[in-house]
Amino acid sequence: MVASVEKITAKRVVYTFNEKGGVGKTTCARGLLDVYRKYKINCLAFDADERSAQLHRYYGNNSHQVKKINIFKIGKYDALLDDLDVHKPDVALVDLPGTSGEAFEEMEKELALFKQVKELGYQLTMVTVMSRTKDCIDALKKLMTYCEGRGEELDYLVVLNLFFGEKEKFSRWQNSETKTIFEAKGGIEITMPDLYEEMYDFIDEKSLTFSDAASAKEMT
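Residues numbered from 1 in each chain as written. Predicted model: local features only at pLDDT ≥ 70, side-chain atom pairs only at ≥ 80, totals over all residues. Heavy atoms only, no water.

**Student:** Any chance you could explain empty space enclosed by the protein here in plain terms?
**Tutor:** Where empty space is left can be seen by rolling a probe of water-molecule size over the atoms. The tally for this structure, following the rule as stated, stands at 1 cavity of 30 Å³ or more. Reported here for the largest cavity is a volume of approximately 40 Å³. Elements represented by at least two residues in the lining of the largest cavity include exactly α6 (113-119) and β5 (122-130). Counting residues per element, the lining of the largest cavity draws most heavily on β5, which supplies 3 residues. The class makeup of the residues in the lining of the largest cavity is 4 nonpolar, 1 polar and 3 charged. (1 Å grid on protein atoms, 1.4 Å probe; cavity = no way out; pocket = protein on both sides within 12 Å on 5 of 7 lines; lining within 4 Å. Points joined across faces, edges and corners; volume = space filled by probe spheres on them. Helix = DSSP H or I, 4+ residues; strand = E, 2+ residues; numbered from the N terminus. Nonpolar A, V, L, I, M, F, W, Y, C, P; charged D, E, K, R; others polar.)

**Student:** How should I be thinking about the layout of surface pockets in this particular structure?
**Tutor:** In this model, the second largest pocket occupies a volume close to 510 Å³. Forming the boundary of the second largest pocket are 25 residues, of which Gly22, Val23, Gly24, Thr27 and Tyr200 lie nearest the centre. Of all elements in the fold, only α2 (25-38) and α10 (197-206) reach the threshold of two or more residues within the lining of the second largest pocket. In terms of residue class, the lining of the second largest pocket is built from 9 nonpolar, 9 polar and 7 charged.

**Student:** Teacher, can you tell me more about the sheet that holds strand β6 (residues 155-161) here?
**Tutor:** Strand pairs in the sheet, formed through backbone hydrogen bonds, run parallel or antiparallel to each other. Taken in spatial order, the 7 strands of this open sheet run β3-β2-β4-β1-β5-β6-β7, and their pairing is parallel. At either end of the open sheet lies a strand with only one pairing partner, and these are β3 (67-68) and β7 (188-192). Relative to β6, β5 runs parallel, the two being bridged by 6 bridges. Considered in β6, the bridge of Met126 is made with Tyr156. Lying on the sheet, α2 is in contact with β1 (11-17), β2 (43-47), β4 (91-95), β5, β6 and β7; it crosses β4 at an angle near 160°. (Pairing = 2+ DSSP bridges. Contact = heavy atoms within 4.5 Å. Axes fitted to C-alpha atoms, helices over the stretch in contact; angles between N-to-C directions.)

**Student:** In this structure, what is going on with unusual backbone geometry? I would like to understand it.
**Tutor:** With glycine set apart, most residues show a phi of negative sign, and most peptide bonds adopt trans. The backbone of Lys40 sits at a positive phi, close to 55°, despite the residue not being glycine. Tracing the chain through its elements places Lys40 in the loop between α2 and β2.

**Student:** For this particular structure, what's the right way to read the pairing of β1?
**Tutor:** Put simply, side chains in a regular strand alternate between the two faces of the sheet. Among the 7 residues of β1, 5 are classified as buried, and the element is accordingly described as predominantly covered. Both β1 and β5 contribute to a ladder of 7 bridges, which runs parallel. Residue pairing across strands places Thr16 opposite Val127, the latter belonging to β5. (Buried < 20%, exposed > 50% of the residue type's maximum accessible area, 1.4 Å probe, protein only.)

**Student:** Please clarify how the nonpolar core should be interpreted in this entry.
**Tutor:** Nonpolar side chains tend to gather and get buried jointly when the protein is soluble and globular. One finds Tyr15, Tyr77 and Val94 to be the most contacted residues of the largest nonpolar core, which totals 62 residues. Per-element tally for this core: the top contributor is helix α7 (residues 134-149), with 8 residues. When sequence neighbours within four positions are dropped, the list of residues in contact with Tyr77 reads Tyr15, Ile69, Asn70, Ile71, Val94, Met107, Leu111 and Leu113. One finds Ile203, Leu208, Ala216 and Met219 within the second-largest nonpolar core, a separate group that totals 5 residues. (Core = buried A, V, L, I, M, F, W, Y, C linked by side-chain atoms within 4.5 Å.)

**Student:** Before we go on, may I ask you to explain the packing of α7 against helix α9 (residues 177-184) in this structure?
**Tutor:** At a minimum axis separation of 10 Å, α7 and α9 run at an interaxial angle of 40°. In terms of axis orientation, α7 runs oblique to α9. Viewed along their axes, α7 and α9 form a crossing whose handedness is left-handed. Contacts from Ile137, Leu140, Lys141 and Met144 in α7 reach Thr178, Ile181 and Phe182 in α9. For the contact of α7 with α9, a count of residues per class yields 5 nonpolar, 1 polar and 1 charged. (Parallel < 35°, antiparallel > 145°, perpendicular 65-115°, else oblique. Left-handed = near helix turned anticlockwise from the far one by under 90°.)

Encoded structure:
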């Protein structure tokens, strides 16, 4: 992990994304944010889920707080671009809610997001967290099609959530045309391990970050 972090050269806006809810987007975002903090990467984090702002909840009483933004209302999302311009973080992490694909596209068109982010010196990375359903694959395909239609070549990362089974069971993804297109665009695939259920529930109940949980007295 240290070697990978040291290779980061471009400033980035990182989105955790999938149209399908319950695939582990926020769990992935929490892991990413912990890594950024551990290696002292200057990071701003945003929770775009108005109804269930879980990322914000885990960091609500933390000195590295997560801001809430609304991508469903015109004029509310400008805060992200304003913060990039003012604070100039090395990484901005945005946790998108499920069923936000259409809203993301409308917001991108309204703000010319891709163009403005580039002008501010940032590269976009879309992190798609996957279960084994066809819906997850279709969401990534729509995302890549939209970005290509806008003339944009973003960085893509697929995270296979092993809560839904071992990597070998993601055969629908492994054999899909979407994966072929994804790899042709330089996409990278990684896995997120299944987390011990009772420990995960304890962390969720206490609203702890993963790093805080590691040093909690109640944890074995």
